[in-house]
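Secondary and tertiary structure notes
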Amino acid sequence: MATVELTFSALPAHVRTARLVATAIARRTGVQESLLDEVRLAVGEACSRAVEAHRLHCPGEPIRIELRDDSGRFEVTVTDSAPSDSDELEHDRALLGFDDPFGQLPDDLMAGFGIAVIAGLADDVQVYPSQKGMCIRMSWPAATNGLSPV
């Protein structure tokens with residue numbers, strides 16, 4: 001199992017770099033060529049969401065991405081340090097098919113729109129709180145186990 005970690009400041013320009021790195025690593029781990037656009041778009045959406053949260057709440061904190069191949073899967077985890085609203089997290093979970101314990105979603109449907117897009121692009125998506133903010137974990141099938149050497 002190989003892991004690549006990337007941190008970047010909360011600037012929209014860095015989202016492009018994160019997409020390029022994720023796509024390159026996905027290709028090297030054996031993700032099918034037909035899925036690479038989905039990887040690129042999902043990672044871009046997750047990173048854009050994190051950048052926006054950081055710009056509002058903690059612009060000096062870095063955003064962290066972990067890319068790994070694990071058990072025939074290419075996995076990307078985007079972790080932000082922005083304080084998350086528990087209503088927003090419940091809304092995001094509802095969009096992914098989790099139960100809504102209060103029986104209603106927040107009025108602002110745009111809060112979870114990015115998560116809905118990611119859920120449509122990745123095979124498996126998990127949204128959960130991190131130590132300081134939120135994690136979005138996405139994965140796709142990969143043909144090989146382990147990154148090939150450079």
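Structural notes, computed from the coordinates. All values derive from a computational prediction rather than experimental measurement.

1. Brief notes about the nonpolar core
Looking at soluble globular proteins, one finds that nonpolar side chains tend to be buried together. Counting 34 residues, the largest nonpolar core has Phe 74, Val 76, Val 78 and Met 138 as the members making the most contacts within it. Elements represented by at least two residues in this core include exactly helix H1 (13-28), helix H2 (36-57), strand E2 (63-70), strand E3 (73-79), helix H4 (113-121), strand E4 (124-129) and strand E5 (134-141). When residues in this core are grouped by element, the largest group, eight residues, is from H2. Once residues lying within four places of it in the same chain are set aside, the contact partners of Phe 74 are Ala 22, Ile 25, Ala 26, Thr 29, Val 31, Val 39, Leu 67, Arg 68, Met 138, Ser 139, Trp 140 and Ala 142.

2. Observations concerning the packing of H2 against H4
Put simply, H2 and H4 touch, their axes get as near as 9 Å, and they point 160° apart. In terms of axis orientation, H2 runs roughly antiparallel to H4. H2 and H4 meet at a crossing whose hand is left-handed. Contact residues: Glu 38, Leu 41, Ala 42, Glu 45, Ala 46 and Arg 49 in H2; Gly 114, Ile 115, Val 117, Ile 118 and Leu 121 in H4. The residue makeup of the contact of H2 with H4, split by class, is seven nonpolar, one polar and three charged.

3. As for the environment of Gln 131
Examined against the element boundaries, Gln 131 turns out to sit in the loop between E4 and E5. Given the relative accessible area of 84%, Gln 131 is considered exposed. The spatial distance from the C-alpha of Gln 131 to the C-alpha of Thr 79 is 9.5 Å, given a sequence separation of 52 residues.

4. Focus on H1
Look at H1: 24 Å from first C-alpha to last across 16 residues, which is about the 22 Å you get at 1.5 Å a residue. As for H1, its buried residues are in contact with strand E1 (3-8), H2, E2 and E3. Where H1 ends, the next residue or the one after it, Gly 30, has phi of about 95°, a positive value.

5. What to know about unusual backbone geometry
Unusually for a residue other than glycine, Ser 71 sits at a positive phi of about 55°. The residue Ser 71 is located in the loop between E2 and E3 in this model. Taking relative accessible area as the criterion, Ser 71 reaches 65% and is therefore assigned exposed.

6. Considerations on the sheet that holds E4
Overall, antiparallel pairing links the five strands, which are arranged E1-E2-E3-E5-E4 in an open sheet. Every other strand in the sheet has two partners, leaving E1 and E4 as the edge strands with one partner each. Between one strand axis and the next, the sheet turns by 15° as a mean value, whatever way the strands run. Where E1 and E2 come together, six bridges link them in antiparallel fashion. From the neighbouring strand, Thr 7 faces E2, where its bridge partner is Arg 64. In this fold H1 packs onto E1, E2 and E3, with an angle of close to 175° to the strand it touches most, E1. This element, H2, spans E1, E2, E3 and E5 of the sheet and lies at about 175° to E5.

7. A short note on the side chain of Thr 79
With respect to the helices, strands and loops of the structure, Thr 79 is situated in strand E3. Classification of Thr 79 by relative accessible area gives buried; the value is 16%. Setting aside its immediate chain neighbours within four residues, Thr 79 contacts Ile 63, Arg 64, Ser 130, Met 134 and Cys 135.

8. Quick look at the pairing of E5
Taking burial as the measure, the eight residues of E5 include seven buried ones, the bulk of the element. Pairing analysis gives seven bridges linking E3 to E5, with the strands arranged antiparallel. In the sheet register, Phe 74 faces E5, and the bridge partner there is Trp 140. Bridge count between E4 and E5: six bridges; the pairing is antiparallel. When the bridges of E5 are listed, Val 127 appears paired with Ile 136. Where E4 folds back on E5, the antiparallel hairpin that results is connected by four residues.

Thresholds, definitions, all that
- The residue numbers shown here count from 1 along each chain, following its written sequence.
- With the structure being a predicted model, the display of local features is reserved for residues of pLDDT at least 70 and the display and counting of side-chain atom pairs for 80 or more, all residues being used for whole-chain, interface and lining totals.
- No hydrogens and no water enter the side-chain calculation; it runs on all heavy atoms of the structure.
- Buried Ala, Val, Leu, Ile, Met, Phe, Trp, Tyr and Cys residues form a nonpolar core when they are joined through side-chain atoms within 4.5 Å.
- Residue burial is assigned from relative accessible area. The probe radius is 1.4 Å, only protein chains are included, and a residue is buried under 20% of its type maximum, exposed over 50%, and partly exposed in between.
- The helix and strand labels rest on DSSP assignments: H or I over at least four residues marks a helix, E over at least two residues marks a strand, and numbering proceeds from the N terminus.
- Any two residues whose heavy atoms approach within 4.5 Å at even a single point are treated as in contact.
- Axis geometry follows a simple rule: fit a line to the C-alpha atoms, using only the stretch in contact for helices, then measure angles between N-to-C directions, giving values from 0 to 180 degrees.
- Throughout this description, any angle smaller than 35 degrees is read as roughly parallel, any larger than 145 degrees as roughly antiparallel, any in the 65 to 115 degree range as roughly perpendicular, and the remainder as oblique.
- Each helix crossing is assigned a hand: it is left-handed if the near helix lies turned anticlockwise from the far helix by less than a right angle, otherwise right-handed if that turn is clockwise.
- Gly is placed with the polar residues, together with every amino acid not listed as nonpolar (Ala, Val, Leu, Ile, Met, Phe, Trp, Tyr, Cys and Pro) or charged (Asp, Glu, Lys and Arg).
- In a helix, the anticipated span is given by 1.5 Å times the number of residues less one.
- Here the rule is simple: two strands pair whenever DSSP picks up at least two bridges between them.

None of the figures reported here should be taken as evidence of function without further support.
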